[in-house]
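A structural walkthrough
Each chain, written out:
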Amino acid sequence: MTSIAQRVLVTGGAGFIGSAVVRRLVRQGRQVLTYDKLTYAGNLASLAEVHNLPGHSFLQADICDGRAFREALESFRPDLVMHLAAESHVDRSIDGPGDFIATNIVGTYTLLDEALRYWRGLDAAAQKRFRFHHISTDEVFGTLGEDGLFREDTPYQPNSPYSASKAASDHLVRAWFHTYGLPVVMSNCSNNYGPYHFPEKLIPLTILNALEGAPLPVYGKGENVRDWLYVEDHAAALELIATRGRLGESYNVGGSNERRNIDVVRTICAIMDRVVPDAKIGPRDALIRFVTDRPGHDARYAIDASKLKTELGWVPEHDFESGIEKTVRWYLDNAAWWEPLKARYNRARLGVAK
Ligand code: NAD
Ligand code: TDX
């Protein structure tokens, strides 16, 4: 494994999943360039463990800036690009879809255009080694009823501006493989959770609100189901797919941990009542508030990850119970990471589509 992908350019490497990927690859001794615009969601503190190591470098740049990306390719000379940069929050895509179109669609097109130019200029051996890994979401498949799982051949039916923009980017990547021969691999993952997750998302928002005794907003009746995967298990899957996946193929990633949102929130409340009981707050599930639903809220996501498991031997290390306990404890121990984020986001409700 160490003989391939020695030089990895990671877009979005200062984000939640990207930083887990960067930390993992640097620990393994690979050379990594984090390419990130540092939007509200990007955070160099998530890379503190590796930031100053010789194996890591950082470039603040936009994926829509073709010239900046071309220069990064020419100077860093990666044999693998892992593309995670994106606008990632469904609620924000409801309030302002424009940034999602620009970054997720135009940005991905810009990377493909420059990656193709770079790849064409490589010698034959380097061309054979090079790969472009596009990281995407299960939300492109739309919503499931009570039964069934998303497979790689499930038709695309995205329902939010976020998932539509990610679906568009997936189609562009596939087209660059079939039309121009750019060596790509793709993956679609379910909901991630774990350390360094920006507190606009359900799990970190619930943990931080529960810690303060603030209301815990649950959209609709809390019956929507997500399939949760611990972020470091996703990073391990991404490494396998990037280095061993078959070119032109996509792989679904998911932990088979389906939970209703209300059960996720109640589980967090129970852990916090046990680990940080607070007499003034009392039992935290009394803080739960059922609030106006998300417009176009997908009912259920669930992944069939058998292709990834069978072909590449991926096995997640965490089930939801072990992962959520670890996650709650991480937030309790790492206030220095999340305290400064209050200046960027006050945990107000987003995405009501007035
Ligand atoms: P995130 O919002 O935490 O991080 C996104 C990163 O991209 C940030 O560091 C941000 O600064 C950077 N970025 C945004 N716009 C950019 C631009 N124009 N140029 C350069 N950098 C830019 O997102 P995440 O949750 O880590 O998701 C990473 C990827 O994984 C995304 O492509 C997302 O669609 C996908 N994904 C996420 C999940 C999940 O549960 N979070 C699940 C499946 C797939
Ligand atoms: O306050 C909340 N209350 C609530 O009930 C928030 C923020 C969310 N929810 C619900 C909406 C969803 O059903 O919880 C579920 C999870 O919501 P998010 O954390 O916003 O994630 P989701 O919309 O499912 O999308 C996430 O997983 C797939 C990521 O943000 C995407 O980037 C990824 O592609």
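The notes below deal with the structure included here. Counting restarts for each chain, with residues numbered from 1 along the sequence as it is written. Labels are handed out in written order, letters beginning with A for the chains and numbers beginning with 1 for the ligands. Since the coordinates come from a predicted model, pLDDT governs what is reported: local features require at least 70, and pairs of side-chain atoms require 80 or more to be given and counted, while whole-chain, interface and lining totals use all residues. Note that the side-chain values use all heavy atoms of the structure and ignore hydrogens as well as water.

Side note on helix H4 (residues 98-120)
Going by this rule: Strands here mean DSSP runs of E at least two residues long; helices mean DSSP runs of H or I at least four residues long; both are numbered from the N terminus. Residue count minus one, scaled by 1.5 Å, sets the expected span of a helix. We define the bend at any residue as the angle between the axes fitted to the seven residues before and including it, ending there, and the seven starting there.
Spanning 23 residues, H4 covers 32 Å between terminal C-alpha atoms, matching the ideal 33 Å at 1.5 Å per step. The largest bend in H4 amounts to roughly 30° and is located at Gly107.

Structural notes on the packing of aromatic side chains
Operational definition: Pairing of aromatic rings covers Phe, Tyr and Trp, the last counted by its six-membered ring, and requires centre-to-centre distances within 6.5 Å; plane angles under 30 degrees mean stacked, over 60 mean edge-to-face, and any other angle means tilted. Relative accessibility decides the category of a residue: with a 1.4 Å probe and only protein chains considered, values under 20% of the type maximum give buried, values over 50% give exposed, and everything between is partly exposed. To sit over a ring, a charge needs its Lys NZ or Arg CZ within 6 Å of the ring centre and within 35 degrees of the ring normal.
The final tally for this structure, using the stated rule, is 18 aromatic pairs. Consider the rings of Trp330 and Trp337, whose centres lie 5.5 Å apart with planes at 65°: the pair is edge-to-face. Since its relative accessible area comes to 8%, Trp337 is described here as buried. Joined through ring pairs, the aromatic side chains of Phe141, Phe150, Tyr156 and Tyr301 make up one cluster. In this structure, Arg7 is placed above the aromatic ring of Phe76, and the distance from its NZ or CZ to the ring centre is 4.4 Å. Taking NZ or CZ as reference, Arg92 lies 5.6 Å from the ring centre of Tyr345, over its face.

A few points about the site of ligand 2
Selection criterion: Residues are classed as near a molecule or strand on a simple rule: at least one heavy atom within 4 Å of it. Any pair of nitrogen or oxygen atoms within 3.5 Å is treated as a polar contact; in protein, a donor-acceptor pairing is required on top of that, and neighbouring residues in sequence qualify only through side-chain atoms on both sides. All accessibility values rest on the Shrake-Rupley procedure with a 1.4 Å probe; residue burial counts only the protein chains present in the view. Note on residue classes: Ala, Val, Leu, Ile, Met, Phe, Trp, Tyr, Cys and Pro are nonpolar, Asp, Glu, Lys and Arg are charged, and everything else, Gly too, is polar.
In the vicinity of ligand 2, 18 residues are found, and the nearest of them are Ser88, Thr137, Tyr162, Arg294 and His297. The contact in question runs from an oxygen atom of ligand 2 to an N or O atom on the backbone of Ser88, over 2.7 Å. Taking Tyr219, its main chain carries an N or O atom lying 2.8 Å from an oxygen atom of ligand 2. Coverage of ligand 2 by the protein amounts to 94% of the 650 Å² it exposes when considered alone. Elements supplying a minimum of two residues to the shell around ligand 2: helix H7 (202-212) and strand E8 (216-219). The leading source of residues in the shell around ligand 2 is E8, at three residues. Its residues placed into classes, the shell around ligand 2 shows seven nonpolar, six polar and five charged.

So, the site of ligand 1
Taken together, 28 residues sit near ligand 1, with Ile17, Asp36, Ser88, Tyr162 and Lys166 positioned nearest. Here an oxygen atom of ligand 1 sits 3.1 Å away from a polar atom, N or O, in the main chain of Leu84. Within the side chain of Tyr162, a nitrogen or oxygen atom sits 2.7 Å from an oxygen atom of ligand 1. Within the complex, the protein chains bury 97% of what would otherwise be the 840 Å² of accessible surface of ligand 1. It is strand E5 (residues 131-137) that provides the largest number of residues to the shell around ligand 1, a total of three residues. Grouping the amino acids of the shell around ligand 1 by side-chain chemistry returns 13 nonpolar, 11 polar and four charged.

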